[in-house]
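# Structure at a glance
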Amino acid sequence: MTSAKILVPDMGDFKDVEVIEVLVKEGQQVKKNDSLITLESDKSSVEVPSTHEGMIEKINIKVGNKVNQGDLILSLKSENKTEEKKVTVNKDKKIERKVEDKKSEEIKKKKEIIPTAPTSQGGTKSASPKVRKFARELGANVLEISGSQRAGRVSEEDVKNFIRSQVAVSGGRVEKKIHKEEYSHEEFGEIELKDIPRVKKLSGPQLVRSWTEIPHVTQHEEIDITEMEQFRSSLYDYYSGEMIKVTPLAFISKALVSALKTFPNFNASIDPIHNKIIYKKYFHLGFAVDTPHGLMVPKVRNVDQMSIKEIGEALKKTSKLCRELKIDKKEFFGGSMTISSLGGIGGTFFTPIINPPEVAILGIGKSFDKLVRLKGKITSRKILPISLSYDHRIIDGAEGARFCVYLSECLGKDFAFKLAV
Ligand code: CAO
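Residues numbered from 1 in each chain as written. Predicted model: local features only at pLDDT ≥ 70, side-chain atom pairs only at ≥ 80, totals over all residues. Heavy atoms only, no water.

## Comments concerning the nonpolar core
- Grouped together as the largest cluster of nonpolar side chains are 48 residues, with contacts concentrated most on Phe-251, Phe-266, Met-337, Leu-362, Phe-403 and Leu-411.
- When contributions to this core are tallied by element, the ones reaching two or more residues are α6 (248-262), β16 (285-287), α7 (308-323), β20 (337-341), β21 (360-364), β23 (377-391), α8 (397-411) and α9 (415-420).
- Here this core gets nine residues from one element, more than from any other, and that element is α6.
- When near neighbours in sequence (up to four residues on either side) are disregarded, Met-337 contacts Leu-256, Leu-260, Phe-266, His-284, Leu-285, Gly-286, Glu-358, Ala-360, Ile-361, Leu-362, Leu-388 and Phe-403.
- In terms of nonpolar packing, the next biggest core, distinct from the first, is built from 20 residues, Ala-4, Val-19, Leu-36 and Ile-37 among them. (Core = buried A, V, L, I, M, F, W, Y, C linked by side-chain atoms within 4.5 Å. Buried < 20%, exposed > 50% of the residue type's maximum accessible area, 1.4 Å probe, protein only. Helix = DSSP H or I, 4+ residues; strand = E, 2+ residues; numbered from the N terminus. Contact = heavy atoms within 4.5 Å.)

## Some thoughts on a nonpolar patch on the surface
- Together, Tyr-236, Tyr-238, Tyr-239 and Met-243 make up a nonpolar patch on the protein surface, roughly 630 Å² of accessible area in all.
- Assignment of secondary structure puts Tyr-236 in the loop between α5 (226-232) and α6. (Patch = residues over 30% accessible without salt bridge, like charges linked within 9 Å, V, L, I, M, F, W, Y side chains within 5 Å. Areas by Shrake-Rupley, 256 points an atom, 1.4 Å probe, with all protein chains shown as cover. Salt bridge = Lys/Arg side-chain N within 4 Å of Asp/Glu carboxyl O.)

## Brief notes about the pairing of strand β6 (residues 54-59)
- Where strand β3 (residues 29-30) and β6 come together, two bridges link them in antiparallel fashion. The residue of β6 that forms the bridge with Gln-29 is Met-55.
- With four bridges connecting them, β6 and strand β8 (residues 72-78) associate as antiparallel partners. Directly across from Met-55, in β8, lies its bridge partner Lys-77. (Pairing = 2+ DSSP bridges.)

## Considerations on the environment of Pro-264
- Looking at where Pro-264 falls in the secondary structure, it is placed in the loop between α6 and β14 (268-271).
- Under the relative-accessibility criterion, Pro-264 is labelled partly exposed at 42%.
- Sequence separation between Pro-264 and Tyr-279 is 15 residues, and the spatial gap between their C-alpha atoms is 6.9 Å.

## Section: the side chain of Ser-258
- Following the sequence through the fold, Ser-258 ends up in helix α6.
- Residue classification places Ser-258 among the buried residues on the basis of a relative accessible area of 13%.
- Setting aside chain neighbours within four positions, we find Ser-258 in contact with Tyr-406 and Cys-410.

Structure representation (structure tokens):
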């Protein structure tokens, strides 16, 4: 048993190429030519195959790393001693390949997939080399396809569905659905062309899929949060006497978890393969985070086990990781329901788009003062505007309305009793 090191191969003129996918795990057994990682440059993506067979000991890179030829990808325990000699690196980190490795080089070349592009929110796309090849042959980009398999992995069936969704049959002819403007934009004045930012490219197809495939209903509600706001702004640390700053979002998260426990249909996903409903017993909330790179939706795990202060801290930490692009890909998956809060920015009601495979999303607007009649008197109250979008296949209107009423109670004057349980 010997230890073998797998290095980034010669990538021609490409430098600082981004790792967009790690396809293997430590402890996994791999065969020669199994794909290990996917690298993506401005022009293409390429899967790097293993040059050895063996068990992966340690993976030295992660998604988001920029790599160059000769960088260490991983080390594995190999039983085949002769394999060990096939790839070596000289002082200049140039990879010398022996004749036997020509075959792996050819396979690597075959695996080139062209243009970079969208995937699910903030994540990257995983698919077997066979599926990638199939997509490529049909002129599709696997990164644009929503995967129905575990962790969003793309299957051959997903590729077929994607192709079907992209074309329209007219008069027996298959046409790609691309709308062409009658006049080009520059005919009306000066314009500037820019690339669509990467994160927006990633989220775009996911949003289209959600908007076109899920029958959305959005219910709006005004919640009276006067008492909750008075309480929130009076929070201070018992020992230091310092004010504790928690945004309304932490309270809303707590209320949402309570609502999810009461209405399990909202903490669910559709299993399209077996035509069943998956009920989740965990409470991992997704939060739409506005970053300079675009919108990201990381999950905060086990919110039901956190105090309001802990939720506030987790939110700060997670949004910071997103803004610094340090968040792990897996943190964009496995959510119960998402909150999209525009409360810190402004505006009241809007139509949040469900983040599949979730079945509902809660939109939060900025709270405002409103004069209302209370016990015969006109009085000023603090109102929180919410917009709840849900998948009408799973949740009906009455349940949507009950969910909103429940949230109102959790954040209303008896919030302390409701959220304490
Ligand atoms: N009403 C009134 N004020 C609110 C509020 C609300 N509903 N929600 C937050 N605020 C206040 C906060 O109390 C804070 O006030 P102070 O500066 O006085 O403390 C201020 O607004 C800023 O809050 P924040 O936005 O920094 O913090 P948050 O916990 O509310 O939100 C996060 C965190 C990560 C969700 C937020 O920073 C963000 O990225 N929001 C944008 C989400 C988004 O883009 N959604 C749209 C998705 S669809 O395109």
